[in-house]
Every structure is written in structure tokens, then in C-alpha cells.
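Here is what each chain is made of, one letter per residue.
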Amino acid sequence: MKKFFVMSLSLLLSLALLAACSNQPSNTNPDQETGISDEEQLVVVGIRGSLHSLDPANYRDRVTESVLRNIFDPLVIMDANGEIQPKVAESWEQVSPTEWIIYIRQGIKFHDGTELTAEDVKFSFDRVIKENGMEGETSPRQGLAGPIQEVEVVDPYTVKFILSEPWPIFLKMLPFQQIIPKAYFESVGPEGFREKPIGSGAFKFVEGKLDERIVLERFDDYFEGAPKIAKLAFDVIPENASRIAALQTGEVHRIHGVPPALADDLQKDPNIEIKPVNGTRVYMLEMNTTKPPFDNVKVRQAMNHAIDMDLIIEQILGGFGERLPGPMLKQTFGHHDGLKPYEYNPEKAKQLLAEAGYPDGFSVVIDTEAHNKEVAEAIALMLRDIGIDASARVWDSGVIREMLLKGERQMFMGDWGNATLDPYDFLNPKLKTGERGNFSLYSNPRVDELLTLAEKENDEEVRKNLYREAQEIIYNDAPWVFGFQMQEIEAGVKQLKGWEPLPDSILYMHEAYLE
């Protein structure tokens, strides 16, 4: 079967390569030959999905955040080494287990020229932390604010955060909340703000459509110095091959989500530069645990034995990945080192299927998004080898996620970020009952209890043990086919300087410029 799989996979990859490389680069910086000045140059970034919103309180999506973080700033950021660094906040101190004081940098301006103050910080957080605080709706980012109960204004440049309980990762979670201007928002209303958002970031919003293109321009009064780029656009290009072709023909200057199988060939292009970085995303195959056949644990375990993840890493990821034995990244706090990957054993998979009452298999559609298409198709090939009629279908993320949460689909080849490298912002949304990212609809009362206890435990050893027990239960329940982590690969034209990929995939462009 392995030989057949490799041959079939080679055909799939060859088609992708032909599509990506059909147009050889003729000019990766056409502005240089058209006489356009630096002040008029437009730098374009190709992104792999649509934005969900232009409102920092109204989305839960990594691509959306990658764009919005160029318009809005958080209190603090996490650097490439995972360390917290000041941004809007100048400094901070913890005055009790449930109280933090944040000191705001003075002189920061919003894009309308008004100064950012403590009132704006409180207003921004209130829209997220309060039930129905987002104009009668509850923010989808509320879960990222954990037990933040209240934000009090101490003086114009100082705020106090009051927590309902201790929260060990308070600072690590602050980068996920961006600050907006209270006065402007109240003057234009929520719809007016979403049509023309204003932040304090390096770039100002000009125009755009969420599923096509977002156009920004330089903010000359940015507190860390004006960007070198005069104009910046983010073009939505979901297909990997189309995104690569756009880079090679000079339609875009930077892209993310480069498939590892195409990276080597792209690197041969003399006008292109490849930049990999260790990613913070977990890739997994999620099964709907509430409906047959995946409500049976033996079927779910059979799926783990039926899929050769090592071969997928080798053939599709080009070795730019590492298999995960359980649900968590290996560098994450509390990772269970004792778990061993499910053995690839098609015969054992067939045996488990027979014991579960499916000796002749069943039919299944593996849903996915464009960037995971090749992996989903490879998995379908492997499942067909054990008698399962499997196929893959690509969806837009905005459509499929709602269907998954309603339990309307069977299997989903997806991924989820863990930028803090802490289980709180990964295991909770993905595997706690009823949470926003629990696409497998998995529910185990003991796992829920363990995750709740770990949320507020300040003793690191106790907290690690809670997470280890949770991982053991999840491993045996197998709501997913446990997958892999991989290096995130970005690419840009060589004329584009001053940019680096980040582990959390944020596409900062403040320091970038065309040479």
C-alpha cells in the first residue's frame, strides 16, 4: 500500500507544482521599472484566508489577527523567543494574586490624532470581558480574557486589572486583546467602526473587503517610528499554488502558508527568499464524537492506527514537521513525555473496526480548508486502504466552522494555534465541553474538571500534573487522529527587506521595506 500511496501522492504534488510554477518570475518588483516613487509603492502580502472582521473584539482567527495587528496594538507582545515585551503598556506589576497594575506609555496616538489613555484600555477590554458587552453580543474573544473580571481606571495612564481568581498566564494572554479609541467608536457606532476602523498601530486602514483585499497606509505618527512602506495591502489567495504563483510573478511581495513540498522548488527561484520558523500550531484530524461511527472509541482508535503520520510528514511536509503522540505541542508547558504515538497498523485498524461493528467499513468525507488539502487527500487514500470509502472536500473557514460546531460534519482535517505555548489557550478551546473550537464535540467530565483546576493553579508542578492526567484521558479517548507540528514557511521577494516570520504567524510589516 505504501508504494501505491507514494505514487498517488507524487501525482497530487506534481499537479500542485505545475500550477505553482507555470508562470516563471519575470519581474518580482514591477514598480522599479514603471518609475513609481517610493512614496507610491504598494507592498502586497498574500494571505491564505478571508478576514472574519475588522473589529478587534469580533473574531477568533489567526489570519484575521495577522492583519489586524498591523492596525491595532495590544498592551504587550510576545517576541520570537516567547518572552513578553512592552507595547502600549510601558511596565506592570502584580500587587496580589488577583490584581495587576498596568502603566500605559504616554504620547501614543490613534490614527485620528487623539491620545491613547486608560479610558481606551478599559473600554476595549470591557467590550470583550463583559457578557453582551459587544453591543448586545458577547465577544468571541471573551475566552481569551479568562478570569479578568474588571478593569479600573486609576489615572489617565494607569489601569488595574481585577481577576476573579488567580491566572498564571495573565501576561501571556494580553497580546490577544487590541486597544481601540473609545471616543471614536462611540461617535461612529459599531458599523461605522467596522467600515473604517481606527487603531494605534503602524498602519492606517484605507479600504477593503474581507474576502478580497485590505489596503492600509503608513501612520506617520506611530510611537515606534513611521513604517518605511507607504502603502500595504493584504490579498486573500486561499489556494497554495495560486499564492506561490502570485509571488513568482510579482503580484505579491510576501506570502505565508508555503507547503513544505513546494518550498525546495520555490527556493530555486533566484528572486525568492524562503524563511522557515518553528510554528505553534497543532495539526489534527478531528472526528465528530457525537454521531456514528465516531461515537465509538474503537472506531476512533482504529483511525489512529490506519493513518501513517510519519509518511505524511516525510512525503507532504518534506520533513518540515514532527509527529505528536497526543494533543499538545512538544514544547508546551506540561507536555506529557510518556505518551507514545499510536502505531501505524492497518490490520489492527481493521480489527478494531470489526469489533466496533464496521467490518465492511463506512463512507466518510474529510472536510478541510485549502491549506490542508494535500494532507486530507493523503489521509483519504490511507483510509480507502482499510475499506473505508473516504474522500476530501475543501471549504471556506467561515462556512465549515459553524457546521462543525453544530455537529453537521463527520471529520475535519484542521489546525489550531497555541501561541502562548501554554495548554490553557489550546486544550480549553479544543477539548473542553462546549468550547468554541471543539469541532469534535468531545466531552469528558474528568477532562473538564482537570482543565478548570489547571486554569487557576499557581503551583507549576501541580499544574503540570493536572495537564498530564488530562492528556492521558484524551489520548485513550482519541477524539482526534493525533497529528503533527510543523515549521511555518513564509517566502518573499528578495527586494523585500526587514521582515521575519514569527512563531505565532503574525505578519508584522512595520520594519519592512523594498530595496
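That block above? That's the structure.
In this report, we go over the structure that sits alongside the text.

### Here we look at unusual backbone geometry
Phase 1: For the bond running from Pro292 to Pro293, omega is 0°, close enough to zero to count as cis.
Phase 2: Along the chain, Pro293 turns up in the loop between strand E13 (281–287) and helix H9 (297–306).
Phase 3: Its identity is not glycine, yet Leu421 carries a phi of approximately 55°, on the positive side.
Phase 4: Judged by relative accessible area, Leu421 falls into the partly exposed class, the value being 25%.
Phase 5: A positive phi angle, close to 55°, is found at Leu441, a residue other than glycine.
Phase 6: Leu441 gets classed as partly exposed once you look at its relative accessible area, which sits at 22%.

### So, empty space enclosed by the protein
Phase 1: Applying the stated criterion across every chain, the model contains five cavities of 30 Å³ or more.
Phase 2: Around the largest cavity, the lining comprises 23 residues; the ones closest to its centre are Pro259, Pro260, His371, Asn372 and Met486.
Phase 3: Listed by contribution, the elements that provide at least two residues to the lining of the largest cavity are helix H1 (2–21), helix H8 (260–267), helix H12 (373–384) and strand E18 (480–493).
Phase 4: Take the lining of the largest cavity: its biggest share by element is five residues, from E18.
Phase 5: Per-class residue counts for the lining of the largest cavity are 14 nonpolar, five polar and four charged.
Phase 6: Around the second largest cavity, the lining residues are Arg48, Arg62, Val63, Ser66, His256, Gly257, Arg281, Glu488, Glu490 and Ser505.
Phase 7: Looking at the lining of the second largest cavity element by element, the count peaks at three residues for helix H3 (residues 62–68).

### Examining the sheet that holds strand E5 (residues 99–104)
Phase 1: One open sheet holds the four strands; their spatial order is E4-E5-E7-E6, and the pairing between them is antiparallel. The open sheet has two free edges, formed respectively by strand E4 (89–96) and strand E6 (148–155), since each of these has just one partner strand. With direction set aside, neighbouring strand axes in the sheet form an average angle of 20°.
Phase 2: Pairing geometry for E4 and E5, over six bridges, is antiparallel. By the bridge assignment for E5, Trp92 is matched with Ile102.

### Here we look at helix H6 (residues 182–195)
Phase 1: The terminal C-alpha atoms of H6 lie 16 Å apart, and with 14 residues this falls more than 12% below the ideal 20 Å at 1.5 Å per residue.
Phase 2: At Gly189, H6 is deflected by roughly 110°, the largest bend along its length, and proline Pro190 occurs up to four residues later in sequence.
Phase 3: Within the span of H6, buried status applies to Tyr184, Phe185, Gly189, Gly192 and Phe193.
Phase 4: Contacts made by the buried residues of H6 are with helix H4 (118–129).

Thresholds applied
- Residues numbered from 1 in each chain as written.
- Predicted model: local features only at pLDDT ≥ 70, side-chain atom pairs only at ≥ 80, totals over all residues.
- Heavy atoms only, no water.
- Helix = DSSP H or I, 4+ residues; strand = E, 2+ residues; numbered from the N terminus.
- Buried < 20%, exposed > 50% of the residue type's maximum accessible area, 1.4 Å probe, protein only.
- 1 Å grid on protein atoms, 1.4 Å probe; cavity = no way out; pocket = protein on both sides within 12 Å on 5 of 7 lines; lining within 4 Å.
- Points joined across faces, edges and corners; volume = space filled by probe spheres on them.
- Nonpolar A, V, L, I, M, F, W, Y, C, P; charged D, E, K, R; others polar.
- Pairing = 2+ DSSP bridges.
- Axes fitted to C-alpha atoms, helices over the stretch in contact; angles between N-to-C directions.
- Expected span 1.5 Å × (residues − 1).
- Bend = angle between axes of the 7 residues up to and from the residue.
- Contact = heavy atoms within 4.5 Å.

Geometric values such as these leave the question of function open.
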